[in-house]
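Remarks on the overall topology
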Amino acid sequence: MSTREQQYKLVIEENHNRIRSVCRHYAGSSGDADDLYQEILINIWKGMESFRGDAQVSTWVYRVAVNTALTYVNKKHKYLNFNLYWDDGKSRDLVSEDVEDKIQDERKHEIVKDLMNQLSVVDKIIISLVLEELTSKEIAEIVGITESNVRVKIHRIKEELREKVKGGHYDY
Amino acid sequence: MTIKKRIYPEGESPNLDLVVDQLKSQDSKNKRLMYRMFILYIIFAVFYLGLLIFNPDPELTFENRIQGVCYVLIFTVAAFFFRHHYRKTSKVDYTAPILSMLEEARERHKLMRPGKAWFVVFIVGFTDIVVTWALVTDITAEWSLLTKILVIQAGYFTIMSLSFLIGYLIWRKKSRPLVRNLTRIIDEMRADETPMNEISS
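Residues numbered from 1 in each chain as written. Chains lettered and ligands numbered in written order. Predicted model: local features only at pLDDT ≥ 70, side-chain atom pairs only at ≥ 80, totals over all residues.

Moving on: the overall build of chain A. Counting its secondary structure elements, chain A contains seven helices and zero strands. The buried share of chain A, reckoned over its 172 residues, is 35%. A sequence separation of at least 24 residues applies to 68% of the contacts in chain A between residues at least 6 apart. (Helix = DSSP H or I, 4+ residues; strand = E, 2+ residues; numbered from the N terminus. Buried ≥ 20, exposed ≤ 12 C-beta atoms within 10 Å, placed from the backbone. Contact = placed C-beta atoms within 7 Å.)

Tallying secondary structure elements over chain B gives six helices and zero strands in all. Taken from N to C terminus, the helices and strands of chain B fall in the order α-α-α-α-α-α. Pairs at least 24 apart in sequence give 78% of the contacts found in chain B among residues at least 6 apart.

What follows concerns unusual backbone geometry. Residue and element names in this part refer to chain A. Of note in this structure, Glu 133 is not a glycine but carries a positive phi near 65°. Within the fold, Glu 133 resides in the loop between α5 (121–131) and α6 (136–143). Residue Glu 133 is classed as exposed on the basis of its 8 C-beta neighbours within 10 Å.

Attention now goes to the domain arrangement of chain A. Residue and element names in this part refer to chain A. Once the domains are mapped, chain A shows domain 1 (1–81) and domain 2 (84–172). For the side of domain 1 that touches domain 2, the secondary structure elements donating two or more residues are α1 (3–26) and α3 (57–76). Its residues assigned to classes, the side of domain 1 that touches domain 2 comprises four nonpolar, four polar and one charged. (Domains from an automatic or database assignment. Nonpolar A, V, L, I, M, F, W, Y, C, P; charged D, E, K, R; others polar.)

A separate point is the nonpolar core. Ranked by internal contacts, the top residues of the largest apolar core, which has 53 residues, are Ala 65, Ile 126 and Val 143 of chain A. The element that contributes the greatest number of residues to this core is α3 of chain A, accounting for nine residues. In terms of domain composition, this core takes at least three residues from each of domain 1 (1–81) and domain 2 (84–172) of chain A. Beyond its immediate sequence surroundings of up to four residues, Ile 126 of chain A is in contact with Ile 139, Val 143, Val 150, Lys 153, Ile 154 and Ile 157 of chain A. Tyr 41, Ile 74, Ala 78 and Phe 81 of chain B belong to the second-largest nonpolar core, a separate cluster that totals 12 residues. (Core = buried A, V, L, I, M, F, W, Y, C linked by C-beta atoms within 7 Å.)

Residue and element names in this part refer to chain A. Here Ile 125 lies in helix α5. The buried category is assigned to Ile 125, around which 27 C-beta atoms lie within 10 Å. Taking C-alpha positions, Ile 125 is 9.6 Å from Asn 67, a pair spaced 58 residues apart along the chain. Residues contacting Ile 125, with those up to four places away along its chain left out, are Val 66 and Val 143.

So, on to the packing of helix α1 (residues 16–54) of chain B against helix α2 (residues 62–90) of chain B. Residues and elements named next belong to chain B. Contact geometry of α1 with α2 gives a least axis separation of 8 Å together with a crossing angle of 160°. It follows from the interaxial angle that α1 and α2 lie roughly antiparallel. α2 is crossed by α1, and the crossing has left-handed handedness. Of the residues contributing to the contact of α1 with α2, the split by class is 20 nonpolar, six polar and four charged. (Axes fitted to C-alpha atoms, helices over the stretch in contact; angles between N-to-C directions. Parallel < 35°, antiparallel > 145°, perpendicular 65-115°, else oblique. Left-handed = near helix turned anticlockwise from the far one by under 90°.)

Residue and element names in this part refer to chain B. Between α1 and helix α6 (residues 176–190), whose axes approach to 10 Å, the crossing angle comes to 140°. Judged on the interaxial angle alone, α6 and α1 are oblique. Between α1 and α6 the crossing geometry is left-handed. Residues Leu 16, Val 19, Gln 22, Leu 23 and Gln 26 of α1 form the contact with α6, whose own contacting residues are Leu 178, Asn 181, Leu 182 and Ile 185. Tallied by class, residues from the contact of α1 with α6 come to six nonpolar, three polar and no charged.

This next bit is on the confidence of the model for chain B. Residue and element names in this part refer to chain B. Looking at chain B, the pLDDT average stands at 86 and 89% of residues meet or exceed 70. Here helix α4 (residues 114–136) stands out as the element of chain B with the lowest mean pLDDT, 89, in contrast to helix α5 (residues 145–174), whose mean of 94 is the highest. Note on residues 1–7: pLDDT is under 50 here. Beyond four places in sequence and across chains, it has eight contacts. For this predicted complex, the interface confidence reaches an ipTM of 0.75, while the overall pTM sits at 0.78. (pLDDT = per-residue confidence, 0-100.)

A word on the environment of Met 37 of chain B. All names here are of chain B. By secondary structure assignment, the location of Met 37 is in helix α1. Taking the C-beta count within 10 Å as the criterion, Met 37 has 17 such neighbours and is therefore assigned partly exposed. Expressed as a C-alpha distance, the spacing of Met 37 and Ala 79, which sit 42 residues apart in the sequence, is 7.0 Å.

Quick look at the structure:
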């Protein structure tokens, strides 16, 4: 096995869960998630030559995964869809606790998911990375904007979500 | 697919995923075009070189041969220009940070870039000199040298202008919507570049 193959194997082993997580967020079905996973692996293999170690390997893997998801999803659907997983608790933190009693939990999940899918693609990507618990610095390296810009965007998106959840009337 | 050429109205943001898809498709088309142009100019260069070496015409002067060398040189430079851009497009990194990937793409698809402009000036200028030099002796009409040169220039620049017009119209149809969409997304991504002290966290 060549050095490149060994490195590749190691990168995949260490980042398997991260890649799966991105697939889970952007793929419509488990079949789509598997296809997207394969495409990400191909792009990681192709990109290894150009990776100069200017970012952490895990951040670079996220970058490849997100960029692959961007166009992969487009082949399957017209627009980038975002799957929100409510069970892990991280998604709940996106909206503040004062709206907790306003709407039932499961309805809130649907509402937040719906609202998140109305965000721009860049905002969707940023929020998906926030849910992955990446730091602003890591998100900045993936998206290519400044760290302060990331923080401003996260703040703005959260505010928007909170306002919409508080003020909206939803017929679920 | 009509959505690929869509220019989004003011206030409506283009979808990044659709624009990246549009970008990859346009890059792929450009890559194929660059390769075809490379092959075409290589064929021209080899053909002219062959003509230069094996031309049986006994009346071929030393001047004609120098002009032939110039044509070969022009075709070779053009071939390597297209080869360079073909390789550059092949090496585009779509896994780069999103904003820098989009900014590089916008530069790549602009109508005129400094590198391209210098190439055009060199090729058009040098070809003009060689064509004028070659044709001025071929015109048999009883005109002064200046008239002959002016007539050649008028013909040459009419052809060049038409070529540029066709090139511009193709770019306007195929690449301008992409450049505009890229600009909108880049502006949107940079929109929140506000100092952090404005936010009370």
